[in-house]
Amino acid sequence: MSLTAGIVGLPNVGKSTLFNAITNQKILAENYPFATIEPNVGVVTVPDARMDKLKEMYNPQRFIPTAYEFTDIAGLVKGASQGEGLGNKFLSHIREVDAIVEVVRCFDDGKIIHVEGNIDPIRDIETINLELAIADLDVINNRLERVSKKARTTKNKDDVVEVEALEKAKKALEENKALRQVDFTDDEKKLLKSYSFLTLKPIIYLANIKESELGNSDNEYVKQVKEYATKENAKVVSLCAKVEEDLSELTKEEKQEMLEALGLEESGLDRLIQATYDILGLATYFTVGKDEVRAWTFRKGMNAKQCAGIIHTDFEKGFIRAEVISYDDLMNYGSELKVKEAGKARLEGKDYLMQDGDICHFRFNV
């Protein structure tokens, strides 16, 4: 399952430095606007301590954690929706991602230029969010003009629902409300999905702070961001992008030593990845054996048959049933055999809703 989180923000807030840390790739990260011109894509593994335990238990030939993509997108400036800076090119790249990580500069440093001349995280957030809202409004206005005439003429139910959904979305945006804050019906959500509205995408605000401020909660800029995010029920993750970049170059042991020296239990990147995984509504199931231990990403609410199709379409087409045990039961009893002897193994049908931590063997016939 290919899913992407897009890293966005004003120029010089730390996006490319963060991306370097996420992927450990040395892309261009310079102190001037538009150092990143084309979107850079990197695959990120999701930190999951359960995988380490399964690796110890099975000692497999292949070990494949679950992963998804982060895309670093060129810096946005005021007026992007009207073509300023990289304008519509930037916005089109955001339409292609599943979630947004909006990097906000929350530190003072006279050596690093700020495109607006001073540090004001709420102004920066509102600059970006306004451009996204304007872009969505343009799409809505263009579509409403066409579909409204059609709905009045044909009285088609889907057209009528679409008009109502678009009018509800337009009203919200004009009231300075992101579409992800709007309570759309299931039918409305289904109709709006094809538009890839920017403000409908889930968002995380990433507060980029100084190394000296790691581990404390006194940063006034971060407090402002958290207060803003609370209003739209969004997540906030604080980290120092430069420290994360340094950590990404270390071995596992060296990384742990540095985290301990900084007084941190885990890296900011691990928290960001987990938070992004969560806002996308994702979970993990496992397949295990001596040949391979592998984590598979699925959307919460998917059934066993759909999850089987993530491995291969033949698994879904010829699905018979799924043999399922939970990760917790496997750890408690120590082996698959003992889980079965305890009566904790299950045979589930196609309508079984997969749970995070399920360990599965799919039976199929094609």
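Everything here concerns the structure above.
Thresholds, definitions, all that
- Residues numbered from 1 in each chain as written.
- Predicted model: local features only at pLDDT ≥ 70, side-chain atom pairs only at ≥ 80, totals over all residues.
- Heavy atoms only, no water.
- Axes fitted to C-alpha atoms, helices over the stretch in contact; angles between N-to-C directions.
- Helix = DSSP H or I, 4+ residues; strand = E, 2+ residues; numbered from the N terminus.
- Parallel < 35°, antiparallel > 145°, perpendicular 65-115°, else oblique.
- Left-handed = near helix turned anticlockwise from the far one by under 90°.
- Contact = heavy atoms within 4.5 Å.
- Nonpolar A, V, L, I, M, F, W, Y, C, P; charged D, E, K, R; others polar.
- Buried < 20%, exposed > 50% of the residue type's maximum accessible area, 1.4 Å probe, protein only.
- Salt bridge = Lys/Arg side-chain N within 4 Å of Asp/Glu carboxyl O.
- Patch = residues over 30% accessible without salt bridge, like charges linked within 9 Å, V, L, I, M, F, W, Y side chains within 5 Å.
- Areas by Shrake-Rupley, 256 points an atom, 1.4 Å probe, with all protein chains shown as cover.
- Lys, Arg positive; Asp, Glu negative; His and termini not counted.
- Charge placed at Lys NZ, Arg CZ, Asp CG, Glu CD.
- Core = buried A, V, L, I, M, F, W, Y, C linked by side-chain atoms within 4.5 Å.
- Pairing = 2+ DSSP bridges.
- Phe/Tyr/Trp six-rings, centres within 6.5 Å; stacked < 30°, edge-to-face > 60°.
- Lys NZ or Arg CZ within 6 Å of the ring centre and 35° of its normal.

### Points about the packing of helix α4 (residues 121-154) against helix α5 (residues 157-174)
(1) Moving on: Relative orientation of the contacting elements α4 and α5 amounts to 150°, with a least axis distance of 9 Å. With respect to each other, α4 and α5 are oriented roughly antiparallel. Judged by the sense of rotation from one axis to the other, the crossing of α4 with α5 is left-handed. Along the contact surface, α4 presents Ala133, Asp136, Leu137, Ile140, Asn141, Arg143, Leu144, Val147, Ser148, Lys150, Ala151 and Thr154, while α5 presents Asp159, Val160, Glu162, Val163, Leu166, Glu167, Ala169, Lys170, Leu173 and Glu174.
(2) Moving on: Residue classes in the contact of α4 with α5 are distributed as 11 nonpolar, 3 polar and 8 charged.

### Quick word on helix α8 (residues 241-248)
(1) Moving on: Counting buried residues in α8 gives 6 out of 8 residues, a clear majority hidden from the surface.
(2) Moving on: Every buried residue of α8 is accounted for by Ala241, Val243, Glu244, Glu245, Leu247 and Ser248.
(3) Moving on: Contacts from the buried residues of α8 go to α1 (15-23), β6 (203-208), β7 (235-239), α9 (252-262) and α10 (268-279).

### A word on the pattern of salt bridges
(1) Moving on: If you walk through the whole model with that rule in mind, you get 16 salt bridges.
(2) Moving on: In this structure, Asp278 engages Lys235 in a salt bridge whose closest nitrogen and oxygen atoms are separated by 3.4 Å. Remark: Lys235 occurs in strand β7 and Asp278 occurs in helix α10; sequence separation between them is 43 residues.
(3) Moving on: Taking relative accessible area as the criterion, Asp278 reaches 37% and is therefore assigned partly exposed.
(4) Moving on: The exposure class of Lys235 is partly exposed, given its relative accessible area of 34%.
(5) Moving on: Through salt bridges with shared partners, a single network forms among Asp48, Arg50 and Asp356.

### Looking at a negative patch on the surface
(1) Moving on: A grouping of Glu253, Glu254, Glu257 and Glu260 is seen on the molecular surface, where their side chains present a negatively charged patch.
(2) Moving on: By the secondary structure assignment, Glu253 is in helix α9.
(3) Moving on: Here Glu253 falls in the exposed class, since its relative accessible area comes to 55%.

### Observations regarding the side chain of Thr276
(1) Moving on: Tracing the chain through its elements places Thr276 in helix α10.
(2) Moving on: Look at Thr276 and you get buried, because its relative accessible area is 0%.
(3) Moving on: Once you skip the residues sitting within four places of it in the chain, Thr276 turns out to touch Ala5, Tyr68, Phe70, Val101 and Ile204.

### Things to note about the nonpolar core
(1) Moving on: Among the nonpolar cores identified, the biggest contains 59 residues, and Leu18, Phe70, Ile94, Tyr205 and Leu272 are the most heavily contacted of them.
(2) Moving on: Within the second largest apolar cluster, 18 residues are counted, among which are Leu144, Val147, Val182 and Tyr195.

### Overview of the sheet that holds β7
The strands making up a sheet associate through hydrogen bonds between their backbones, and the pairing can be parallel or antiparallel.
(1) Moving on: Within the open sheet, the 6 strands sit side by side as β2-β4-β1-β5-β6-β7. Their pairing is mixed. Every interior strand has two partners, whereas the edge strands, β2 (40-45) and β7, have only one. Direction aside, the axes of adjacent strands within the sheet are offset by 25° on average.
(2) Moving on: Pairing analysis gives 4 bridges linking strand β1 (residues 4-8) to strand β4 (residues 67-72), with the strands arranged parallel. Residue Ile7 lies in a different strand from β4, and its bridge partner there is Asp72.

### Let's talk about the packing of aromatic side chains
(1) Moving on: All told, the structure shown has 8 aromatic pairs when counted by the stated rule.
(2) Moving on: The interplanar angle of 15° and the centroid separation of 5.1 Å between the aromatic rings of Tyr195 and Phe197 together place this pair among those described as stacked.
(3) Moving on: On the numbers, 5.9 Å between centres and 45° between planes, the contact of Tyr285 with Phe298 is tilted. Of this pair, Tyr285 sits in strand β8 (residues 282-287) while Phe298 sits in strand β9 (residues 292-299), and the two are 13 residues apart along the sequence. For the pair shown, Tyr285 and Phe298 are each scored as buried.
(4) Moving on: Three or more aromatic residues link up through ring pairs in this structure, and these residues are Tyr285, Trp296, Phe298, Phe319 and Phe362.
(5) Moving on: For Lys55, the ring lying beneath its charged end belongs to Phe63, and the centroid distance is 4.8 Å.

### Here we look at the pairing of strand β10 (residues 319-326)
(1) Moving on: Where β10 and strand β12 (residues 358-364) come together, 7 bridges link them in antiparallel fashion. Residue pairing across strands places Ala322 opposite Phe362, the latter belonging to β12.
(2) Moving on: Note that β10 and strand β11 (residues 346-348) share 3 bridges and pair antiparallel. Each residue of the ladder has a partner; that of Glu323, found in β11, is Leu347.

### Things to note about unusual backbone geometry
(1) Moving on: In the Ramachandran plot, Asn12 falls in the positive-phi region, its phi being about 65° despite a non-glycine side chain.
(2) Moving on: Positionally, Asn12 belongs in the loop between β1 and α1.
(3) Moving on: Classification of Asn12 as buried rests on a relative accessible area of 14%.
(4) Moving on: Not every positive phi belongs to a glycine, and Asn59 is a case in point at roughly 45°.
(5) Moving on: Tracing the chain through its elements places Asn59 in the loop between α2 (49-58) and β3 (62-64).
(6) Moving on: Among the residues examined, Asn59 registers a relative accessible area of 61% and is labelled exposed.

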